[in-house]
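This is what each chain is made of:
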Amino acid sequence: MSVLRAAVDKTEVVARYQAKTRRMKGSDCLWWTGAVSARGHCRLWLGRAGDRGVTVIAHRFPWALEHGAASLLDVPVLGQCYDHPLCQRIWPGHMQASSYLENAREWASRRHTIGAPLRDSRGARGRSQSLRDLLRPAERVGLDHVSFAVASRADLDDAAAKLQARGIEHGEVKELASFGLAILSFSDPDGVHLELTAPLS
Ligand SMILES: [Zn+2]
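No experiment lies behind these values; they were computed from the predicted model shown.

1. Structural notes on the overall build of the protein
Part 1 of the reasoning: Counting its secondary structure elements, the protein contains 6 helices and 11 strands.
Part 2 of the reasoning: Across the 201 residues in the protein, those meeting the buried criterion constitute 19%.
Part 3 of the reasoning: Within the protein, counting contacts between residues at least 6 apart in sequence, those at least 24 apart form 48% of the total.

What follows is the structure, given as structure tokens:
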């Protein structure tokens, strides 16, 4: 909290935060284009506290800017935008003070709605990353994914079972007949896409 309180007074951090948000034509939301955590939350790097790096769920930052960091002590949860989890706009329906109970109720009521973001099969992180990646095509240079060949389709099923057992999100084993391959895709903790491939025959 003290790091957050100091960060809202630093023009460098405020400028860095603002540079990572963007308005989009046809959307009321304020879109986050920065880092996304394993749970699909926006992460803003605030600085160092001793030898430890401190990040914050990014939408807590504009709230602290607007209402003061101390106000977050009275707001256990910031309700998230109905449209997408990257939204940074402080406005009813986009971001508002909430409680764990209200948030859970809200989540439960929305997750079964057809077409709702929470039913997205990519999961919270996959969805956040896909949305963010759409927003920064210019930054999509460099590594797209790393692929490792394994001996057989059975190895893919085995790997999928191991990922599953460890609670790591992964795709289905998919057969790409035209390439003569089966593939299994997943991501490392930094969000780099990894893929295992096996010959089909
Ligand atoms: Zn929004």
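2. Some points on the pairing of strand 5 (residues 52-57)
The side chains of a regular strand alternate, first on one face of the sheet and then on the other.
Part 1 of the reasoning: Direction of pairing for strand 4 (residues 42-49) relative to strand 5: antiparallel, over a ladder of 6 bridges. Each residue of the ladder has a partner; that of Ala-49, found in strand 5, is Arg-52.
Part 2 of the reasoning: From the end of strand 4 to the start of strand 5, which pair antiparallel, there are 2 residues, and Gly-50 there has a positive phi angle of about 65°.

3. What about the pairing of strand 10 (residues 181-187)?
Part 1 of the reasoning: Across 3 bridges, the pairing between strand 9 (residues 174-176) and strand 10 is antiparallel. Counterpart to Lys-174 in the pairing with strand 10 is Ile-183.
Part 2 of the reasoning: Here strand 9 hands over to strand 10 after 4 residues, with Gly-180 in that stretch at a positive phi of 70°.
Part 3 of the reasoning: One ladder, built from 7 bridges, connects strand 10 with strand 11 (residues 193-199); its direction is antiparallel. The residue bridging Ile-183 from the neighbouring strand is Thr-197, located in strand 11.

4. Remarks on the environment of Pro-189
Part 1 of the reasoning: Note that Pro-189 resides in the loop between strand 10 and strand 11.
Part 2 of the reasoning: C-beta crowding within 10 Å serves as the criterion here: with 8 such atoms nearby, Pro-189 is assigned to the exposed category.
Part 3 of the reasoning: Residues Pro-189 and Ser-37, spaced 152 residues apart in sequence, show a C-alpha to C-alpha distance of 8.7 Å.

5. Overview of the sheet that holds strand 3 (residues 35-36)
Part 1 of the reasoning: Taken together, 3 strands build an open sheet; the order of strands is 3-4-5 and the sheet is antiparallel. Unpaired on one side and paired on the other, strand 3 and strand 5 mark the two borders of the sheet.

6. Some details on the sheet that holds strand 8 (residues 145-149)
Within a sheet, each strand pairs with its neighbour through backbone hydrogen bonds, oriented either parallel or antiparallel.
Part 1 of the reasoning: Read from one edge to the other, the open sheet built from 4 strands follows the order 8-11-10-9, with strand pairing classed as mixed. The sheet terminates laterally at strand 8 and strand 9, the two strands that pair on one side only. Going from strand to strand, the sheet's axes swing by 30° on average, the running direction of each strand aside.
Part 2 of the reasoning: Alignment of strand 8 against strand 11, held across 5 bridges, turns out to be parallel. Residue Ser-147 lies in a different strand from strand 11, and its bridge partner there is Glu-195.
Part 3 of the reasoning: Strands in contact with helix 6 (residues 153-165) are strand 10 and strand 11; relative to strand 10, the strand with the most contacts, it is inclined by about 20°.

7. Some points on the nonpolar core
Part 1 of the reasoning: Membership of the largest hydrophobic core comes to 21 residues, with the highest contact counts inside it found for Leu-44 and Cys-87.
Part 2 of the reasoning: At the level of elements, helix 1 (2-7), helix 2 (11-19), strand 2 (30-32) and strand 4 are the ones that each hand at least two residues to this core.
Part 3 of the reasoning: When neighbours within four sequence positions are excluded, Leu-44 is seen to be in contact with Tyr-17, Gly-34, Thr-55, Val-56, Ala-58 and Phe-61.
Part 4 of the reasoning: Core analysis: the next-biggest nonpolar cluster, separate from the first, contains 5 residues, Leu-156, Ala-182, Leu-184 and Ala-198 among them.

Thresholds applied
Residues numbered from 1 in each chain as written. Predicted model: local features only at pLDDT ≥ 70, side-chain atom pairs only at ≥ 80, totals over all residues. Helix = DSSP H or I, 4+ residues; strand = E, 2+ residues; numbered from the N terminus. Buried ≥ 20, exposed ≤ 12 C-beta atoms within 10 Å, placed from the backbone. Contact = placed C-beta atoms within 7 Å. Pairing = 2+ DSSP bridges. Axes fitted to C-alpha atoms, helices over the stretch in contact; angles between N-to-C directions. Core = buried A, V, L, I, M, F, W, Y, C linked by C-beta atoms within 7 Å.

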